[in-house]
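What the coordinates show
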Amino acid sequence: MAVIEMSGIRKDYILSSGVTVPILKSIDLIIEPGEFVAIMGSSGAGKSTLMNILGTLDRPSSGLYYLDGEDTSIYDDEALANLRNNTIGFVFQGFNLLPRRSIADNVALPLFYGGEEFKERMWRADYYLGQMGLAKYRDYLPSQLSGGQQQRVAIARALAGEPTLILADEPTGNLDSHTSDEIMNLFTNINKEGITIILVTHEQDVANYAQRLIQVKDGEVIYDGPMY
Ligand SMILES: Nc1ncnc2c1ncn2[C@@H]1O[C@H](COP(=O)(O)OP(=O)(O)OP(=O)(O)O)[C@@H](O)[C@H]1O
Ligand SMILES: [Mg+2]
């Protein structure tokens with residue numbers, strides 16, 4: 001069963017003037033378990049819009065989207081949040097850590113909303129921080145860590161939910177090239193464990209870690225095939 005199955009996905013925005021702007025124009029996409037996919041395309045092409053729909057943070061204007069075999073259109077917002085929590089880990093360009101919470105709390109907190117017990121939350125936070133080489137920083141605040149370390153916390157947070165899919169929108173966008181390589185090596189190892197990864201990037205060096213390339217232009221897929 002595919003992790004992602006989209007057909008005829010469209011996204012329109014209606015401006016205050018009443019004008020309808022098509023952002024995604026009939027996207028068809030199948031992504032199988034264990035794939036490592038890079039999405040590329042110029043600014044404004046619709047990559048983040050597509051990622052938000054893939055992540056069920058936004059709904060398409062029309063089209064079918066099956067996540068892990070589930071028809072997302074029949075889920076209400078609460079059920080969709082549960083499906084999302086059980087399936088997807090997110091990593092963003094800006095790390096999106098809570099500034100006043102410790103590193104361990106940042107990793108553990110989403111698990112609270114996922115209904116995990118306190119002991120399990122703490123165990124997983126320490127386990128995944130350890131995997132990211134951050135065990136000794138568990139009681140630090142995000143501002144006390146470097147950019148690369150903060151992104152590793154965000155990856156630990158994504159992994160702590162034990163997702164089948166990781167969605168990363170420009171995860172190396174705020175990092176230097178050496179740190180980007182470190183982060184991409186982590187993603188490669190995570191993918192080898194069997195977790196599907198879909199990542200948006202502007203950088204070819206980063207995209208090269210993926211096996212499959214999807215190029216988006218003006219809301220349409222113009223290439224979908226092996227990385228080249
Ligand atoms: N709420 C909105 N209302 C109207 N238009 C929107 C809205 N959100 C996004 N757009 C438009 O959708 C288009 C695609 O935006 P999107 O953020 O998906 O691009 P992107 O490919 O991720 O670009 P970047 O590489 O700069 O992040 C843009 O032209 C943007 O102006
Ligand atoms: Mg974007």
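The structure this text deals with has already been given above.
Attention shifts here to the site of ligand 1. Near ligand 1 the following residues occur: Tyr13, Ile23, Ser42, Ser43, Gly44, Ala45, Gly46, Lys47, Ser48, Thr49, Glu170 and His202. Contact distances for ligand 1 include 3.0 Å between an oxygen atom and a backbone N or O atom of Gly46. Here an oxygen atom of ligand 1 sits 2.9 Å away from a polar atom, N or O, in the side chain of Ser48. Protein contacts shield 59% of the accessible area of ligand 1, which totals 640 Å² for the unbound molecule. No other element matches the 3 residues that helix 1 (residues 47-54) contributes to the shell around ligand 1. The residue makeup of the shell around ligand 1, split by class, is 3 nonpolar, 7 polar and 2 charged.

Here we come to the packing of helix 5 (residues 147-160) against helix 6 (residues 177-192). Where helix 5 meets helix 6, the axes come as close as 10 Å, and the angle between the chain directions of the two elements is 15°. Classed by the angle they form, the pair helix 5 and helix 6 counts as roughly parallel. Seen from above, helix 5 lies across helix 6 with right-handed handedness. In this structure, helix 5 uses Gly148, Gln151, Arg152, Ile155 and Leu159 to contact helix 6, whose residues at the interface are Thr179, Glu182, Ile183, Leu186, Phe187 and Ile190. For the contact of helix 5 with helix 6, the residue count by class is 6 nonpolar, 3 polar and 2 charged.

With respect to burial, strand 3 (residues 36-40) is a largely interior element, 5 of its 5 residues being buried. Of the two faces of strand 3, the one lined by Phe36, Ala38 and Met40 and the one lined by Val37 and Ile39 are each fully buried. Looking at chain direction, strand 3 and strand 9 (residues 212-217) are connected through 4 bridges and run parallel. Across the sheet, residue Ala38 finds its bridge partner in strand 9, namely Leu213.

Looking now at the sheet that holds strand 8 (residues 196-200). Sheet architecture is open: 6 strands sit in the order 6-7-8-3-9-10, paired in mixed fashion. Here the strands that pair on one side only, and so sit at the sheet edges, are strand 6 (88-92) and strand 10 (220-226). Between one strand axis and the next, the sheet turns by 15° as a mean value, whatever way the strands run. Against the sheet, helix 2 (residues 77-87) makes contact with strand 6 and strand 7 (165-169), and its axis sits at roughly 80° relative to strand 6, the strand it touches most.

Thresholds, definitions, all that
- Residues numbered from 1 in each chain as written.
- Chains lettered and ligands numbered in written order.
- Predicted model: local features only at pLDDT ≥ 70, side-chain atom pairs only at ≥ 80, totals over all residues.
- Heavy atoms only, no water.
- Near = heavy atom within 4 Å.
- Polar contact = N/O pair within 3.5 Å; in protein donor to acceptor, adjacent residues only side chain to side chain.
- Areas by Shrake-Rupley, 256 points an atom, 1.4 Å probe, with all protein chains shown as cover.
- Helix = DSSP H or I, 4+ residues; strand = E, 2+ residues; numbered from the N terminus.
- Nonpolar A, V, L, I, M, F, W, Y, C, P; charged D, E, K, R; others polar.
- Axes fitted to C-alpha atoms, helices over the stretch in contact; angles between N-to-C directions.
- Parallel < 35°, antiparallel > 145°, perpendicular 65-115°, else oblique.
- Left-handed = near helix turned anticlockwise from the far one by under 90°.
- Contact = heavy atoms within 4.5 Å.
- Buried < 20%, exposed > 50% of the residue type's maximum accessible area, 1.4 Å probe, protein only.
- Pairing = 2+ DSSP bridges.

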